[in-house]
Amino acid sequence: MNPAYPQVSARADHRCEYCHAPELIFNFPFEVEPIIPLVQGGRDTEDNLALACRSCNLRKGIHTTGRVPDTGAEVRLFNPREDRWTQHFQAVPDTGDLIGITAIGQVTLIRLQMNSIAQTAARRLWMQLGLFP
């Protein structure tokens, strides 16, 4: 386990800092991942670390940008250290979908596939249980 896990997970309130999945319902700790990958010059310091569920971490990989569907413009992904989640994403209670309300939110949803069938089904259940958002 990453030695920074206790601090990073507490700061994240034990939620994935990308999709906001509650760590509580998983049977293992979430991962501490560099927001700016080390191979791209990111540092292994708390200001560049985020708590991520396995799904978001695998899909993010070394990516830091994505393309806006309507315009094709390349924009950066959501950065949990710089951005507020509620300014970029909105949850739809009836469907469990997340909506990207900014270009950053839109490209992050696409890159991390945050509205997969499995994730929206889980999110609906988390909402019913009062665990999301």
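See the structure above.
Residues numbered from 1 in each chain as written. Predicted model: local features only at pLDDT ≥ 70, side-chain atom pairs only at ≥ 80, totals over all residues. Heavy atoms only, no water.

(A) Local environment of the side chain of Ser9. Mapping Ser9 onto the fold places it in helix H1 (residues 5-11). In this structure Ser9 comes out as buried when scored by relative accessible area, which is 2%. Once residues within four sequence positions are removed from consideration, Ser9 is found in contact with His14, Glu23 and Leu51. (Helix = DSSP H or I, 4+ residues; strand = E, 2+ residues; numbered from the N terminus. Buried < 20%, exposed > 50% of the residue type's maximum accessible area, 1.4 Å probe, protein only. Contact = heavy atoms within 4.5 Å.)

(B) Region of interest: the packing of aromatic side chains. All told, the structure shown has eight aromatic pairs when counted by the stated rule. Centroid distance Phe26 to Phe30: 5.0 Å. Interplanar angle 65°. Geometry classified as edge-to-face. Judged by relative accessible area, Phe30 falls into the buried class, the value being 5%. A network of ring pairs unites the aromatic residues Tyr18, Phe26, Phe28, Phe30, Phe78, Trp85, Phe89, Trp126 and Phe132 as a single cluster. Stacked on the ring of Phe132, the Lys or Arg Arg123 has its end atom at 5.9 Å from the ring centre. (Phe/Tyr/Trp six-rings, centres within 6.5 Å; stacked < 30°, edge-to-face > 60°. Lys NZ or Arg CZ within 6 Å of the ring centre and 35° of its normal.)

(C) Just the layout of surface pockets, in detail. Of the volumes computed, that of the largest pocket is approximately 170 Å³. Lining the largest pocket are 14 residues, and of these Ala12, Cys16, Glu17, His20 and Trp85 lie nearest its centre. A class-by-class count of the residues in the lining of the largest pocket yields six nonpolar, one polar and seven charged. (1 Å grid on protein atoms, 1.4 Å probe; cavity = no way out; pocket = protein on both sides within 12 Å on 5 of 7 lines; lining within 4 Å. Points joined across faces, edges and corners; volume = space filled by probe spheres on them. Nonpolar A, V, L, I, M, F, W, Y, C, P; charged D, E, K, R; others polar.)

(D) Layout of the side chain of Asp83. With respect to the helices and strands, the residue Asp83 is situated in the loop between strand E4 (74-76) and helix H3 (85-88). On the basis of relative accessibility, which here comes to 11%, the residue Asp83 falls in the buried class. Here Asp83 is in contact with Arg76, Leu77, Phe78, His88 and Ile104, once residues within four sequence places are set aside.

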